[in-house]
Amino acid sequence: MKQYSITGMSCAACAARVEKAVSGIDGVKSCSVSLLTNSMGIEGEVSDEAVISAVEKAGYGAGVKNAEKSKASYTERLRAEEEALRDRETPKLRKRLLSSVVFLLILMYFSMGVHMLELPVPQFMLTDPVSIGITELLLTVIIMVINRKFFVSGFKSLFHLAPNMDTLIALGSSASFVYSTVMLYVMSYAQSIGDIKWAHSCMNEFYFESAAMILTLITVGKMLESYSKGKTTNALKSLMKLAPQSATLIRDGSEQSVPVDEVSIGDIFVVRPGENIPVDGTVIDGESAVDESALTGESIPVDKIPGSKVSSATLNRSGYLKCRADRVGEDTTLSQIITMVSDASATKAPVARVADKISSVFVPAVIALSLITLGVWLVLGADIGNALARGICVLVVSCPCALGLATPVAIMVGNGKGAKNGILFKNAEALQECGKIQIVALDKTGTITTGKPVVTDVIPIGDTDRTALLRAAAAAERKSEHPVAHAIVSYTYDIKTEDVVDFKSVTGGGITAKYKGSRLVCGNERLVSEYVTLKNEEKERLLELSQQGKTPVLFAHGDSLLGIIAVADTVKEDSAQAIKELKGFGIHVVMLTGDNERTAAAIGKAAGVDEIVSGVLPDGKQEVIKRLIKKGKTAMIGDGINDAPALTSAHVGIAIGAGTDVAIDAADVVLMKSRLTDAVAAIRLSRATYRDIIENLFWALIYNVLLIPLAAGVYTGLGMSMTPMWGAAAMSMSSVFVVANALRLNLFDPFSSRRDRKIRNTVPVDEDGKILYYNNSTENEDGGDTVKKTMKIEGMMCTHCEAAVKKALESIDGVESAQPSFERNEAVVTLSKDVDNAALKKAVEDKDYTVTDIQ
């Protein structure tokens, strides 16, 4: 998205005008104008000259954002962007307001103080009312000059046939001023013919104070609005301030402090305790605790050891670290967060289109209503002064600004709140739609579970003690490359043991070796039972562990069974709570996994999901999502490269922070921390932001619906009316209310479930609460019948073996799905067309497993 700076906009009508002008250019795919940041984002192939020309023809100014900084360093560009966000408007408005108030007080002294309170004035003014009129005129002119911006912008827009809020203010105050000036001439004429009574009565027709009061009160509202709008970008500005300025590099064997822009990929830098990490990198020496709260919102420091990743702008709390630079400049995590927040704030939520449509016709409609009001009151016999006051009141009470600010201020604050808590929405649509999710599909590995097999059970058998079992396991598994072996090695890394000899790997079974002079066998039940006899209670224990989704590994030394070590990909600590909270929202939770049904069922039960789709290969995830989105609004949460197609296919894709760059690029929402509870927080924040937008739009609309008739005098028969001054005051406060309401989001806690509300979920489910029949489908996508074949396979010993067999079979054209089971030593293959048995057998045996039968 290319961004431009827009000048001259004052309300929603201006933004709508610019958007309409640019959207009409050939090559522009989408255009989004933000009144809040005075910026415009464009997608498409179009020249800068064409865009700028279209904006200028619409009566506004435009320029490519930071065009003059394109050759500057990253830090200089960042500082320029931070400077662009600095609130320059509020100090100017404060000076205008103070000057206006001073002259307004003097004006009110002469216009009301003299007549109502009989305050003292020079004697000649008591006998010469024209002099008082001239004094009021001059003071009003001064206030109009101070606030001339309203007139320049308002009449310029009117001449371009694109009236805006400034046009309403300029017309209202100008009408009051012109009418009062005409009545001053009438007074002068009455005094010249000696009709002093007529001359004094003309003073009641002066509206100089109304013209001045309108401008002053509008300036009050504008200043408060500007101040509040400045607060909405605080989160983005605070992120920019985090960017480090310097780095300490190792060059020629010595430490050198250099500007962070001079750091290149591959450079070695050091970070002492208390210093910020300058760029993204990898620790190559040293250990420390790093405070990553600035990026993730996580207050607890994260331990870093050699091999750990570190991010720019995080704080080194304790140890001395030596790191290698991996990402610098605009590629750092901090820079990407800033870009995401900035781009999201420049986009529009779908709900904003309602306000845009209203804003495009609002000002012309108000001008027409004002003229109609004036005409109706004159027809009803009102004098010109009262009729004009009604018409002016309609002009100044109407507020298109509140409509224009209703959505962008809430989006800006919501995005900022999310960024502070490690939740990044890539665009306004994602921020709105996230809260409407009905179905959440969760990738199991790395999302619900840790993604790394770990030892869960150590069960010595007979006279064997725990230490002896672990020593034997450590000795055997340290020479194996199997994922299960890695888990055991990690668990026993601090255990000293003797080396094994005659190490042999048995495909699909385990390993054999010599340990302390005797044969050591470790592996699955089939392999170990060839060497030792397993008792019934031991077999039952193996079955129990398998039913829990764990992979049991048996260890036998000589003629005796030492024990069992179970390995599993465990459920994250927060996953069950997060899923419980998702279900509390009324969301249907589906788990996607490539595991077999038994393992998937065990993990699904522990996590508490509504539905499990097992045996799904990476390519199959996208197909599941396509089926789910037909049932309801669906979010996909994942972290891997293979999740990217599914993330893109879902209504909302959510990537967790520990995920791959590909997954993050494909997602609509990025969670900086690897916690599933952050996905729940994202939904809460989305709902709160959307609720805030609706409140703002309701206020902006109901305000105009109620007060425009009041200003027009519709309720006069009920004793209710409004003067132009009160109309200006109400108009000023309406925008302030909208911005202040959005700022309340800063007080919202996205991790608190106190205000959670269950939605009515219309997703169709069966009597078991299921919405998919993916695993047991008897029809293919074209509606034709499928054929199932059962293959007997020897050599599979764990879920990783199952995954290898599954991938091999499903790569064959005509194989719709494959469900291997190492416990049953078989694979059930679903075919969408006839596939030769020889092709199925070859695919499996190429992976070093043995096919004994195909039925």
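Residue indices begin from 1 for each chain and proceed along its sequence in written order. At least 70 in pLDDT is required for a residue's local features to be given in this predicted model, at least 80 for side-chain atom pairs to be given and counted, and no such filter applies to totals for whole chains, interfaces and linings, which use all residues. Remark: hydrogens and water are excluded; side-chain values derive from all non-hydrogen atoms of the structure.

**Looking at the overall build of the protein chain**
Counting its regular elements, the protein chain contains 31 helices and 30 strands. It is over C-alpha atoms that the radius of gyration is taken, and the globule rule equals 2.2 Å times the number of residues to the power 0.38. Against the 2.2 N^0.38 benchmark of 29 Å for 855 residues, the protein chain shows a C-alpha radius of gyration of 37 Å, more extended than a compact globule. Here the C-alpha coordinates of the protein chain stretch approximately 135 × 70 × 50 Å along the principal axes. Relative accessibility decides the category of a residue: with a 1.4 Å probe and only protein chains considered, values under 20% of the type maximum give buried, values over 50% give exposed, and everything between is partly exposed. When the 855 residues of the protein chain are sorted by exposure, 55% land in the buried category. Residue pairs at least 24 apart in sequence account for 69% of intrachain contacts in the protein chain once pairs closer than 6 positions are excluded. Labels follow the DSSP assignment, with helices taken as runs of H or I lasting at least four residues and strands as runs of E lasting at least two, numbered in each case from the N terminus. In this description, contact between two residues means that some pair of their heavy atoms is separated by no more than 4.5 Å.

**Examining the packing of aromatic side chains**
Note on aromatic contacts: the rings of Phe and Tyr and the six-membered ring of Trp form a pair at centre separations within 6.5 Å, being stacked when their planes are under 30 degrees apart, edge-to-face when over 60 apart, and tilted otherwise. Taken as a whole, this structure holds seven aromatic pairs when the rule is applied. Measuring from centroid to centroid gives 5.8 Å for Phe177 and Phe208, while their planes differ by 65 degrees, and the two rings are edge-to-face. In this pair, Phe177 sits in helix H8 (residues 165-192) while Phe208 sits in helix H10 (residues 208-232), placing the two residues 31 residues apart along the sequence. By relative accessible area, Phe208 is classed as buried at 0%. Sitting over a ring, as applied to charges here, requires NZ of Lys or CZ of Arg to be within 6 Å of the ring centre and within 35 degrees of the ring normal. The cationic tip of Arg96 hangs over the ring face of Phe150; the distance from NZ or CZ to the ring centre is 5.1 Å. Positioned above the aromatic ring of Trp377 is the side chain of Arg390, whose terminal nitrogen or guanidinium carbon lies 5.0 Å from the ring centre.

**Description of the packing of helix H6 (residues 129-146) against H8**
Fitted lines through C-alpha atoms serve as axes, helices being fitted only where they are in contact, and the angles separating the N-to-C directions of these axes extend from 0 to 180 degrees. Look at H6 against H8: their axes get within 10 Å of each other, and the N-to-C directions meet at 160 degrees. Of the possible angle classes, the one that applies to H6 and H8 is roughly antiparallel. In terms of crossing hand, the pair formed by H6 and H8 is left-handed. Of H8, the residues touching H6 (which contributes Pro129, Val130, Gly133, Ile134, Leu137, Thr140, Val141 and Met144) are Phe177, Thr181, Leu184, Met187, Ser188 and Gln191. Residues belonging to the contact of H6 with H8 are distributed by class as follows: nine nonpolar, five polar and no charged. Under this scheme an angle from 65 to 115 degrees is roughly perpendicular, one under 35 degrees roughly parallel, and one over 145 degrees roughly antiparallel; angles in between are oblique. Each crossing gets its hand from how the near helix is turned against the far one by less than a right angle, where anticlockwise is left-handed and clockwise is right-handed. Classification convention: Asp, Glu, Lys, Arg as charged; Ala, Val, Leu, Ile, Met, Phe, Trp, Tyr, Cys, Pro as nonpolar; all other residues, Gly among them, as polar.

**A closer look at the nonpolar core**
Buried Ala, Val, Leu, Ile, Met, Phe, Trp, Tyr and Cys residues that are joined via side-chain atoms within 4.5 Å together make up what is termed a nonpolar core. In this structure, Met9, Val18, Val22, Met40 and Val669 are the most contacted members of the largest nonpolar core, which totals 136 residues. With 16 residues, the single largest contributor to this core is helix H28 (residues 677-712). In this structure Met9 touches Cys14, Ala15, Val18, Val33, Ser34, Leu35, Asn38 and Tyr60, once residues within four positions along its chain are discounted. Within the second largest apolar cluster, 46 residues are counted, among which are Ala475, Ile495, Leu562 and Cys798.

**Some points on empty space enclosed by the protein**
Cavity means a closed set of points on a 1 Å grid over the protein atoms alone, one where a 1.4 Å probe fits but cannot get out, pocket means an open set with protein on both sides within 12 Å along at least 5 of 7 lines, and lining means a residue has an atom within 4 Å of a point. Grid points are joined across faces, edges and corners, and a volume is the space filled by probe spheres set on the points. All chains considered together, the criterion is met by two cavities of 30 Å³ or more. Estimates place the volume of the second largest cavity at around 50 Å³. Around the second largest cavity, the lining residues are Met165, Ile218, Gly221, Lys222, Glu225, Met731, Ser732 and Ser735. When contributions to the lining of the second largest cavity are tallied by element, the ones reaching two or more residues are H10 and helix H29 (724-743). In terms of residue count, H10 provides more of the lining of the second largest cavity than any other element does, four residues in total. Considered class by class, the residues forming the lining of the second largest cavity number three nonpolar, three polar and two charged.

**Quick notes on helix H22 (residues 536-547)**
Here H22 contains twelve residues, and its C-alpha end-to-end distance of 16 Å stays within 8% of the 16 Å for a straight helix at 1.5 Å per residue. In the stretch just after H22, Gly549 is the one whose phi turns positive, near 80 degrees. Take the number of residues in a helix, subtract one, and multiply by 1.5 Å to get its expected span.

**Concerning unusual backbone geometry**
In this structure, Asp252 is a non-glycine residue whose phi angle is positive, near 55 degrees. Positive phi outside glycine occurs at Asp502, with the angle close to 55 degrees. By the secondary structure assignment, Asp502 is in strand E17 (residues 501-506).

**Observations concerning helix H24 (residues 597-607)**
Listed in full, the buried residues belonging to H24 are Thr599, Ala600, Ala602, Ile603, Gly604 and Ala607. Backbone geometry just after H24 places Gly608 at a positive phi near 90 degrees.

**Focus on the packing of H8 against helix H15 (residues 384-397)**
At a closest axis distance of 8 Å, the pairing of H8 and H15 adopts a crossing angle of 160 degrees. In terms of orientation, H8 and H15 fall into the roughly antiparallel class. In this structure, the crossing between H8 and H15 has a hand that is left-handed. For the pair H8 and H15, contact is made by Leu168, Leu171, Gly172, Ala175, Ser176 and Tyr179 and by Ile384, Gly385, Leu388, Ile392, Leu395 and Val396, respectively. Across the contact of H8 with H15, the residue classes break down as nine nonpolar, three polar and no charged.

**Examining the sheet that holds strand E13 (residues 321-327)**
The six strands lie next to each other as E6-E5-E7-E13-E8-E11, forming an open sheet whose pairing is antiparallel. A strand with exactly one partner marks an edge of an open sheet, and here the two such strands are strand E6 (254-259) and strand E11 (309-310). In this scheme, strands are said to pair when DSSP sees at least two bridges between them. As judged from the two bridges shared by strand E8 (residues 280-285) and E11, these two strands associate in the antiparallel manner. The residue bridging Gly281 from the neighbouring strand is Val310, located in E11.

**Details of the environment of Ser686**
As for its placement among the helices and strands, Ser686 is situated in helix H28. With relative accessibility at 1%, the residue Ser686 sits in the buried group. Sequence-wise, Ser686 and Phe425 are 261 residues apart; in three dimensions their C-alpha atoms are separated by 9.4 Å. Dropping the residues within four chain positions of it, Ser686 is found in contact with Leu431, Gln432, Glu433, Cys434 and Gly435.

**Examining the pairing of strand E21 (residues 560-571)**
Counted residue by residue, E21 has nine buried out of twelve residues, so it is predominantly covered. In this structure, strand E16 (residues 449-460) lies alongside E21, joined through eight bridges in antiparallel fashion. For Val454, the partnering residue across the bridge sits in E21 and is Ala568.

**Examining the pattern of salt bridges**
Salt-bridge detection follows one rule: a side-chain nitrogen of Lys or Arg within 4 Å of a carboxyl oxygen of Asp or Glu. In this structure the tally under the stated criterion is 24 salt bridges. A salt bridge links Asp443 to Lys621, with the nearest nitrogen and oxygen atoms 2.8 Å apart. Taken together, the residues Asp443 in strand E15 (residues 439-443) and Lys621 in helix H25 (residues 618-628) connect sequence positions 178 residues apart. Between Lys626 and Glu623 there is a salt bridge; the shortest N-O distance is 3.9 Å. Of the two residues, Lys626 and Glu623 are both situated in helix H25; the distance of three residues between them amounts to about one turn of the helix. Among the residues examined, Glu623 registers a relative accessible area of 30% and is labelled partly exposed.

**What about a positive patch on the surface?**
Together, Arg691, Arg754, Arg755 and Arg757 make up a positively charged patch on the protein surface. Summarising the element assignment, Arg691 is placed in helix H28. Given the relative accessible area of 37%, Arg691 is considered partly exposed. Residues forming no salt bridge and having over 30% relative accessible area are the ones grouped into patches, like charges within 9 Å of each other and nonpolar side chains (Val, Leu, Ile, Met, Phe, Trp, Tyr) within 5 Å. Here the accessible surface of atoms and residues is derived via Shrake-Rupley with a 1.4 Å probe, and residues count as covered only by protein chains that are part of the display. Note on charges: Lys and Arg go in the positive column, Asp and Glu in the negative column, and His and the chain ends are not counted at all. Here the site of a charge means atom NZ of a Lys, CZ of an Arg, CG of an Asp or CD of a Glu.

**Points about the sheet that holds strand E14 (residues 423-425)**
Taken together, the seven strands give an open sheet; going across it, the order is E14-E26-E25-E24-E15-E22-E23, and neighbouring strands pair in mixed fashion. Two strands lie at the open edges of the sheet, namely E14 and strand E23 (611-613), each paired on one side alone. The mean angle between the axes of side-by-side strands here comes to 20 degrees, regardless of whether they run parallel or antiparallel. Note that strand E22 (residues 588-592) and E23 share three bridges and pair parallel. Bridge pairing links Met591 to Ile612 in E23.

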